[in-house]
Structure formats: C-alpha cells, structure tokens
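# A closer look at the structure
Chain by chain, the residues:
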Amino acid sequence: MSIFKKYFSGWTFRSTSPSFDVGDEISVFVSETNGTDAGLAYVGDTQLFIDGAGPETVEKRVRLRVTEFDETESTGRGEFLEVVGESSYTG
C-alpha cells in the first residue's frame, strides 16, 4: 500500500444535500418558524419543515422523525419529538 493510500484510507466526502429516509430520527437546529406550529431547519442545502416546532424552538436543537422526503428537491418534512439542546449563540 502506498503512503498516499494509507494516508487517505477511510476518508469520505460529505454532500451539501444529504438525504434522509422516512422514519429516521435526527437532531437539527431550528432556524426559523412560521409563527405558529412549524419550524424550518437546514442541513447543508437540504430544507426540513418540522411540524409541531413552534416559536419556542427557534435556535434550539431538536430531535425529529422524518415523515417524508423528496431527494430530487432536497426538501422534507418531520415530526417534532423533543428539545435536546440550546444554541451557544442564544442568551
């Protein structure tokens, strides 16, 4: 094995548009809300609309369950499960 192969062994590249499967549970930061009962999170260029994530969840880390996902549009929808953390930028 060459030193080049050995050095780069195990490296992978991340996509700016990750995809998710229905039923996946993930943690994301809620960046904005529609003012009532749905939040919006960005994972790279992927947009996730979060049902049940109201204004109190903005700038917080939440856990959600993916309920639908369109890989060609890089958009999806999820169900809010719980708040799991806060942003270090809030205060």
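Now for a look at the structure at hand. (Residues numbered from 1 in each chain as written. Predicted model: local features only at pLDDT ≥ 70, side-chain atom pairs only at ≥ 80, totals over all residues. Heavy atoms only, no water.)

### Some points on a nonpolar patch on the surface
A cluster of nonpolar side chains, Y7, F8 and W11, forms an exposed patch at the surface whose accessible area comes to about 380 Å². Along the chain, Y7 falls in helix α1 (residues 3-7). Overall, the relative accessible area of 55% leaves Y7 in the exposed class. (Patch = residues over 30% accessible without salt bridge, like charges linked within 9 Å, V, L, I, M, F, W, Y side chains within 5 Å. Areas by Shrake-Rupley, 256 points an atom, 1.4 Å probe, with all protein chains shown as cover. Salt bridge = Lys/Arg side-chain N within 4 Å of Asp/Glu carboxyl O. Helix = DSSP H or I, 4+ residues; strand = E, 2+ residues; numbered from the N terminus. Buried < 20%, exposed > 50% of the residue type's maximum accessible area, 1.4 Å probe, protein only.)

### Notes on the pattern of salt bridges
Side chains that carry opposite charge are capable of pairing whenever their charged atoms lie near each other. A full pass over the atoms with the stated rule returns five salt bridges. Where E25 meets R63, a salt bridge forms, and the shortest distance between an N and an O atom there is 2.3 Å. Of this pair, E25 sits in strand β1 (residues 25-29) while R63 sits in strand β5 (residues 60-70), and the two are 38 residues apart along the sequence. Taking the relative accessible area as the measure of exposure, R63 reaches 25% and is therefore partly exposed. We note a salt bridge from R77 to D51, for which the minimum N-O separation is 3.4 Å. Linking R77 in strand β6 (residues 75-86) with D51 in strand β4 (residues 46-51), this pair joins segments that are 26 residues apart in sequence. One salt-bridge network, held together by shared partners, links E25, R63, R65, E79 and E82.

Such coordinate-based values are descriptive only and should not be taken to indicate function.
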